[in-house]
Amino acid sequence: MSIQVNNIHKTFGKFKALDQIDLEIPSGGLVALLGPSGSGKTTLLRIIAGLDFADAGSGTISFNGLDVTSLAAAKRKVGFVFQHYALFNHMSVFENIAFGLRVRPKSEQPSELEIEERVHKLLKLIKLENFGKRFPKQLSGGQRQRIALARALAVEPQVLLLDEPFGALDARVRRELRRWLRQLHEEIHVTTILVTHDQEEALEIADEVAILNHGKIEQRGRSQAVYDFPTNAFVCEFLGDVNSFSNEKQTTLVRPHEIELYRHEPSGIEGVVRSVNAFGAVERIEVDLLCEKKLILVERSSAVKEKHPLSTGDLVCVKVRKEFIFPHA
Amino acid sequence: MAGIVSRLKGHRASGSMALKEPKWVKRLLIGVTVSFLFIFLILPLAMVFISAFSEGISVYYASITESAALSAIRLTFFATMIAVPLNLIFGLAAAWSITKFEFPGKQILITLIDLPFAVSPVIGGLIYILIFGSQGWFGNSLRDHGIQIVFAAPGVVLGTIFVTVPFIARELIPLMQAQGKDQELAAITLGASGWQVFWRVTLPKIKWGLLYGVILCNGRAMGEFGAVSVLSGHIRGQTNTIPLHIEILYNEYHTTAAFAMASLLTFLALVTLGIKTYIESKAADEMNEEIS
């Protein structure tokens, strides 16, 4: 089921939360809406779900070309997963997942046997087969979020909308669930939109990302392409660490791993090593540029690190491998 | 009224604080508290029952079964049975609209709900006399239709409703605000109708808080004196509630009978207190669960 967002506006009082948003999400795709808090990404997701409505007179939301703009959330067949799970605490895990089936009108309600079958299949899918009788408060955050996902999938939604689904989880569980979600998506292929402020998460999970800022989409494209070819300084800075050099005409941004350090020679750009931080696979070095009076961040792989060890106070020369130049408007 | 939310916060704070005071300070404080409670609460409470039975069981029984007493008991229950369900519906509607919707005048509505707490019940009673009394706005048209509100049972019911309006709404608003609306939104995206959301999601979430409000409301409804006193007209055997009947008996020097009736009211209050304590702990659990 493809999703088309066409010219959507949303204002809260005087604040423009969404400003003329156009977005097309292909059927079966997994797209991340990425942006800092207040950029409008959650608002857009809620408007797609029907939990919020765009300004009167603005554009349309369509599923597979069918206009759903004025359709109530209950009729849109969307699965929505909340940051804080929003599980029904007074119901067992089984009943949570079965909820969407039980609230159907009598004529469309599956039999008790079918419900049981469906719930067990979903419990298996989320790898919590024996948890049906437990209650949400007996589960960990990661388990709760998987239950929330199963509950959303139980009604066989046309689209799956995930609002910062890993935001309340700790770092290790977050990484685990990310990979799991990607695998799950390969299995079930439901069109999915993921809202997140974590660029690493977005780039890792999603086929495509749309980067929002101040209610506008700054850039949209395949994850790798957006990272390699940012169209403006905001996108470039948002997607990862950069060293920024500005003059009246332009901003030049350089990623820390695109800077090379080599043995000092008088003709090069000189710098002094201020600190060396060598945890994990990359070594992070702060270098004081002598000509610019500016501290820059450099990242080196462990292979390079072993070949040319550096320590605080060393005199080095700096070479930029790749830079992004954005002329000022 | 503090509400379950703030009571819960207080509970947590006292649990985490490590107070280290000298022993004598502790003993003194506890001693002062206990003697104060004994002199001003327990002793009078005991006196109610002692005086009630001072002339024996048969006098006690006669005092609470004579026709004026029975009529007062009936009217008290009648007014309560109407006021509590009405406030239940109003409280739910008010709490739902205040916590789930955005609309202009929301703050004013919250303030208005508290009005009966701020205004003396006597004034509440007088307002209804001004509206429905024979000299009031609707006095003539009511008389023409043969409807009597003031100095009759309907007036007593109105007075009771007036003073109990805040109880349930005030209990539910902070509870529902703290719980948020994510679960309701989740239910909606799963295809539930508004009615299903209410019965299957919201009501189970707030049931103890709601019951707590009902108990408080019930206690106040049975014990209300001021507003009801103004509106009832004190017609013995017709428009007296239990508290009004007690006052009349006492003024007429029927002390034992007055205390017998008072013991009934006190007994109801103690039962209310017991239920309240039980529900309070349940409601606190409900709160903890939803917030965590």
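Since this is a predicted model, take the numbers as computed values, not measurements.

J.: Any details on the overall build of chain B? Residues and values, ideally.
T.: Looking only at helices and strands, chain B has 14 helices and 0 strands in total. In chain B, the succession of helices and strands from N to C terminus is α-α-α-α-α-α-α-α-α-α-α-α-α-α. Summarising its shape, the C-alpha atoms of chain B cover approximately 65 × 60 × 30 Å along the three principal directions. Counting the 292 residues in chain B, one finds 44% classified as buried. At a minimum sequence separation of 6, the contacts of chain B that also span at least 24 residues come to 76%. A total accessible area of about 15,500 Å² is found for chain B, and carbon and sulfur atoms account for 70% of it.

J.: I'd like a rundown of helix 2 (residues 23-52) of chain B, residues and numbers included.
T.: Residues and elements named next belong to chain B. Taking 1.5 Å of rise per residue, the 30 residues of helix 2 would be expected to cover 44 Å, and the 41 Å separating its terminal C-alpha atoms lies within 8% of that figure. At F38, helix 2 shows its largest bend, some 45°. Along helix 2, the residues classified as buried are V25, V48, S51 and A52.

J.: So what's going on with the interface of chain A and chain B? Which residues, and what values?
T.: On the chain B side, the residues contacting the 22 residues of chain A number 17 residues. Taken together, both faces of the contact between chain A and chain B bury some 1,800 Å²; the carbon and sulfur share is 63%. Per-residue buried area on chain A facing chain B is highest for N89, H90 and V103 of chain A; these three make up 28% of the total on that side. Counting across the chain A and chain B interface gives 0 salt bridges. Between chain A and chain B we count 3 residue pairs in polar contact (both at pLDDT 80 or more) in total.

J.: Break down the packing of helix 4 (residues 67-100) of chain B against helix 11 (residues 194-223) of chain B for me, with residues and values.
T.: Residues and elements named next belong to chain B. At a minimum axis separation of 9 Å, helix 4 and helix 11 run at an interaxial angle of 140°. In this view, helix 4 runs oblique relative to helix 11, as classed from their interaxial angle. As for how helix 4 packs across helix 11, the hand of that crossing is right-handed. Residues T76, F77, T80, V84, N87, L88, L92 and W96 of helix 4 form the contact with helix 11, whose own contacting residues are V197, F198, T202, I206, L210, V214, C217, N218, A221 and M222. Here the contact of helix 4 with helix 11 is built from residues that sort into 13 nonpolar, 5 polar and no charged.

J.: Can you lay out the confidence of the model for chain B for me, pointing to particular residues and giving the numbers?
T.: Residues and elements named next belong to chain B. With 91% of its residues at a pLDDT of 70 or more, chain B has an overall mean of 86. When the elements of chain B are averaged for pLDDT, helix 1 (residues 3-16) gives the smallest value, 49, and helix 10 (residues 182-189) the largest, 93. Overall, residues 8-16 carries pLDDT values under 50, and its contacts beyond four positions in sequence, including any with other chains, amount to 4 contacts. Confidence estimates for the predicted assembly give a pTM of 0.81 and an ipTM of 0.85.

J.: Could you give an account of the sheet that holds strand 15 (residues 282-289) of chain A, with specific residues and numbers?
T.: All names here are of chain A. Strand order in the open sheet formed by 5 strands is 13-17-14-15-16, and the pairing between neighbours is antiparallel. At either end of the open sheet lies a strand with only one pairing partner, and these are strand 13 (259-263) and strand 16 (294-301). Averaged over all pairs of adjacent strands, the angle between strand axes in this sheet comes to 45°, irrespective of strand direction. Inspection of the sheet shows strand 15 paired to strand 16 by 8 bridges, in the antiparallel sense. Its bridge partner being in strand 16, E286 is matched across the sheet by L297.

J.: An account of empty space enclosed by the protein is needed here, citing residue identities and associated values.
T.: Residue and element names in this part refer to chain A. Here the structure, examined in full by the defined rule, presents 3 cavities of 30 Å³ or more. Approximately 60 Å³ is the volume attributed to the largest cavity. Forming the boundary of the largest cavity are V81, Q145, R146, L149, L162, P165, F166, L177, W180 and L181. Residue classes in the lining of the largest cavity are distributed as 8 nonpolar, 1 polar and 1 charged.

J.: Outline unusual backbone geometry, listing residues and values.
T.: Across residues other than glycine, the phi torsion is negative in most instances, and most of the peptide bonds are trans. In this structure, K127 of chain A is a non-glycine residue whose phi angle is positive, near 60°. Located in the positive-phi region is H234 of chain B, a residue other than glycine, with phi close to 55°. When you line up the elements, H234 of chain B lands in the loop between helix 12 (226-232) and helix 13 (242-251).

J.: Explain the packing of aromatic side chains to me, and be specific about the residues and the numbers.
T.: The relative placement of two aromatic rings is captured by the distance of their centres and the angle of their planes. All chains considered together, the criterion is met by 15 aromatic pairs over all chains. One aromatic cluster is present, built from ring pairs that chain together W96, W195, F198 and W199 of chain B. When the ring centre of F131 of chain A is taken as reference, the NZ or CZ atom of R134 of chain A above it lies at 4.4 Å. The cationic tip of K100 of chain B hangs over the ring face of W96 of chain B; the distance from NZ or CZ to the ring centre is 5.3 Å.

J.: Lay out the sheet that holds strand 9 (residues 208-213) of chain A with the relevant residues and their values.
T.: Two orientations exist for strands paired in a sheet by backbone hydrogen bonds: parallel and antiparallel. Residues and elements named next belong to chain A. Within the open sheet, the 6 strands sit side by side as 6-7-8-3-9-10. Their pairing is mixed. With one partner strand each, in any of the chains shown, strand 6 (78-81) and strand 10 (216-222) form the two edges of the open sheet. Across the sheet, the axes of successive neighbouring strands diverge by a mean angle of 15°, strand direction being ignored. The pairing of strand 7 (residues 159-163) with strand 8 (residues 191-196) spans 5 bridges and is parallel. Considered in strand 8, the bridge of V159 is made with T191. Relative to the sheet, helix 1 (residues 41-49) contacts strand 3 (30-34), strand 6, strand 7, strand 8 and strand 9, its axis offset from that of strand 7 by approximately 150°.

Rules behind the numbers
- Each chain has its residues counted from 1, following the order in which its sequence is written.
- The lettering of chains begins at A and the numbering of ligands begins at 1, in the order of writing.
- Whole-chain, interface and lining totals are the exception, using all residues; otherwise, since this is a predicted model, local features are given only for residues with pLDDT of at least 70 and side-chain atom pairs are given and counted only at 80 or more.
- With hydrogens and water set aside, each side-chain value is computed from the structure's full complement of heavy atoms.
- Strands are runs of DSSP state E lasting at least 2 residues, helices are runs of H or I lasting at least 4, and numbering of each runs from the N terminus.
- Relative accessible area decides the class of each residue, using a 1.4 Å probe on protein chains only: under 20% of the type maximum gives buried, over 50% gives exposed, and in between gives partly exposed.
- Here a residue-residue contact requires only that any non-hydrogen atoms of the pair lie within 4.5 Å.
- Here the open area of atoms and residues is found with the Shrake-Rupley method and a 1.4 Å probe, where only the protein chains shown may cover a residue.
- By this rule the span expected of a helix is its residue count minus one, scaled by 1.5 Å.
- Here the bend at a residue means the angle between the axes of two seven-residue stretches, the one that ends at it and the one that starts at it.
- What gets called buried area is simply the loss in accessible area from a 1.4 Å probe that two parts show on being joined, summed for both.
- Here a salt bridge means any side-chain nitrogen of Lys or Arg lying within 4 Å of a carboxyl oxygen belonging to Asp or Glu.
- In protein, a polar contact requires one atom able to donate a hydrogen and another able to accept it; more generally it is a pair of N or O atoms within 3.5 Å, and residues adjacent in sequence count only if both atoms are side-chain atoms.
- Where helices are involved, their axes are fitted lines through C-alpha atoms of the stretch in contact, as for all axes, and angles between N-to-C directions lie from 0 to 180°.
- Each angle gets one of four labels, with under 35 degrees taken as roughly parallel, over 145 as roughly antiparallel, 65 to 115 as roughly perpendicular, and the rest as oblique.
- If you view the pair so one helix is near and one far, a crossing is left-handed when the near helix is turned anticlockwise from the far one by less than a right angle, and right-handed when it is turned clockwise.
- Here the term charged refers only to Asp, Glu, Lys and Arg, the term nonpolar to Ala, Val, Leu, Ile, Met, Phe, Trp, Tyr, Cys and Pro, and the term polar to all other amino acids, Gly among them.
- Note on scores: pLDDT gives the predictor's confidence for each residue, bounded by 0 and 100.
- One requirement defines pairing of two strands: DSSP has to find at least two bridges between them.
- Two kinds of site are reported from a 1 Å grid over the protein atoms alone, namely cavities, where a 1.4 Å probe fits but cannot get out, and pockets, open sets with protein on both sides within 12 Å along at least five of seven lines, and residues are called lining when an atom falls within 4 Å of a point.
- Grid points are joined across faces, edges and corners, and a volume is the space filled by probe spheres set on the points.
- Put simply, two rings from Phe, Tyr or Trp (the six-membered ring, in Trp's case) pair if the centres are within 6.5 Å, and we call them stacked under 30 degrees between planes, edge-to-face over 60, tilted for the rest.
- Geometrically, a charge over a ring is one whose NZ (Lys) or CZ (Arg) sits within 6 Å of the ring centre while staying within 35 degrees of the ring normal.

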